[in-house]
Each structure stands twice: as C-alpha cells, then as structure tokens.
Amino acid sequence: MSMHTPLKFVDSHCHLDMLDLAEFDNNMDNVIALAKHNQVYDILSISVDLDSFPRVLKTAKNYPNVHASVGLHPCHSPEILTSIEQLSALSKDKKVIAIGETGLDYFMNDGRDPLNENFEWQRERFRIHIRTAIETQKPLIIHTRDARDDTLKILQEEHAEKIGGIMHCFVEDLPTAEKALEMGFYISFSGIVTFKNAKSIQEVAKFVPDDRLLIETDSPYLAPVPMRGKKNQPAYVAHIAEFLAQLRNTSVESIARLTRDNYLRLFCLVNNS
Ligand SMILES: [Zn+2]
Ligand SMILES: [Zn+2]
C-alpha cells in the first residue's frame, strides 16, 4: 500500500431515513457528498420497521456504495410479528445485504417495570429474523440492550453461527463479546466508545481482533466526541476511527482499512471505489 492511498471509511450502521434532511438543504445527495468529502465511502442504511423500509431501499438504490437492511427493531412496531416468507421476499433486492436490525431490548425509560413486561413477542420476532438470515444467507444486524443473556441464548439456540453478522453499537462486557466472536460475529463500535465514562466498552474495543472490528455512527443518534450534542451523520464516523486508533495504538489508516475490509468481506461486496 502506498503512503498516499486515500483513507476510505465505512459507516456500518446508520439510519439515513431518520436524518433531518432540512439540515442538508432537503437533499440526500448532500448527506452522501458530505460523507464522501470526509472519506466515508460505504454506508449501510438500517431498517427499523417495514413501513419505512421502501424509503430505506429507495435511497440505497440511488447511490452505488449505499446498501440497506430489512427488519424490525425490537423497540419498533411492538407486538407485530413478521414471517420468514415476508422478510425473505423483502430482502430479494441485491441492495439488501443484511437482516435487521433485530434483537432484544428490555430497557424501559417510560417508568414501566421491565420485570412486568412480557417480551415474548420480541424473542419470537428475533428468532424469525435469525431463521430468515440463515435461509437468505444475509448476515444479521443485532441490537441488544439490557438483554444480553437472552440475546446470546437465542443466537445459540437458532444456530446464528451459520450466518453471523454484526453486534451493533456494542456496549456489553468482554465475556459477551467473546461469545459473539466465537459465533463468528463482528463487533461494531459507535460514538459511545469515545465517551469519557465508557471505560469498560473501551476495554472491549482494545480486545476485539483486527479481523472482526467495525465502526458505525448509528446516526442520527449518538454523535461521537468532539461532535457530542450535535446531530450525528455518516460523515462523523472518522472520529470513531481516530479514537480507536489511539486506543489500539495504531494508525487511523490502519483502522480505516481493516474495518472497511471487514465490511466488504462480511457482505461479499466488491471494492469498487
Ligand atoms: Zn440499535
Ligand atoms: Zn440502529
């Protein structure tokens, strides 16, 4: 590799359809151009429900290096199940490269007691996503919050190691990361890893092997330091790479290259830029 090879970053998880386009002259072209200007070449735009999926897919179709996922986030469309048939049909388009985001979220910030909630529908829906991923051979995007034991248990019971995928916005402990790695999953870090109080997540981020590391913005949420408090966007993923480079005692070039290589390998994409 020449010293002058330009940096190329990937944002392995964002929600383009949730960005406030008013901040970008009401034009998605400006979001993508700003990302490119900051050397972000590849973007995976993640679906959270089936109603917004057509918009997510349409945007992906407009840009060569933007791809889409299809799935139901555990916090969206409560109680609604889907089916392997439905998800498989929606994932037929070549631009759809992943199933999710799916998983479990037992966090309640509205005063309800999680112990009194019946999350069985989340677990059933999670299983349907895993079975779809294995059937379609498209990797999983996993979201987990306050539910690490059940998430790992279901991944194991459903043999998610047959397809693998990404543990996105990772905030769990080292043993959880180790179990996910054993099942072939990649571990993706968002801006949370850059926060001062994120010491335990930083420990995990030091540990993840080079060939399983990914970065993401999860925009419009979770802007990284030094953009904390602003609305997030794919262009900011470089800040996470810079932070990880320092943490792992390597160069930002190396983090950019290995995370993008990991992304292209996981989703069998050709390096076309
Ligand atoms: Zn998530
Ligand atoms: Zn997300």
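As shown above, the structure is provided for reference.
Please read all numbers here as calculations on a predicted model, not as lab measurements. (Residues numbered from 1 in each chain as written. Chains lettered and ligands numbered in written order. Predicted model: local features only at pLDDT ≥ 70, side-chain atom pairs only at ≥ 80, totals over all residues.)

**Some points on the overall build of the protein chain**
Part 1 of the argument: Per the secondary structure count, the protein chain includes 9 helices and 8 strands.
Part 2 of the argument: When the backbone C-alpha atoms are referred to their principal axes, the protein chain occupies close to 55 × 40 × 35 Å.
Part 3 of the argument: Of all 273 residues assigned to the protein chain, the portion counted as buried reaches 44%.
Part 4 of the argument: Taking all contacts inside the protein chain whose residues are at least 6 apart in sequence as the whole, residues at least 24 apart take part in 70%. (Helix = DSSP H or I, 4+ residues; strand = E, 2+ residues; numbered from the N terminus. Buried ≥ 20, exposed ≤ 12 C-beta atoms within 10 Å, placed from the backbone. Contact = placed C-beta atoms within 7 Å.)

**A short note on helix 2 (residues 53-62)**
Two residues of an α-helix separated by three or four positions point the same way, owing to the 3.6 residues in each turn.
Part 1 of the argument: For helix 2, the full list of buried residues reads Phe-53, Val-56, Leu-57 and Ala-60. One face of helix 2 carries all of its buried residues, which in axial projection span an arc of 95°. Opposite the packed face of helix 2, turned more than 90 degrees from it, sit the exposed residues Pro-54 and Asn-62.
Part 2 of the argument: Elements in contact with the buried residues of helix 2: strand 2 (40-45), strand 3 (66-70), helix 3 (84-90) and strand 4 (96-105). (Arc of directions from axis to C-beta.)

**Considering helix 7 (residues 199-207)**
Part 1 of the argument: Of all the residues in helix 7, the buried ones are Ile-201, Val-204 and Ala-205. In an axial view of helix 7, the angular spread of the buried residues amounts to 100°, which keeps them on one side of the axis. Of the exposed residues in helix 7, the ones pointing more than 90 degrees away from its buried face are Lys-199, Ser-200 and Lys-206.
Part 2 of the argument: The inward-facing, buried residues of helix 7 contact helix 6 (174-182), strand 7 (186-189) and helix 8 (237-247).

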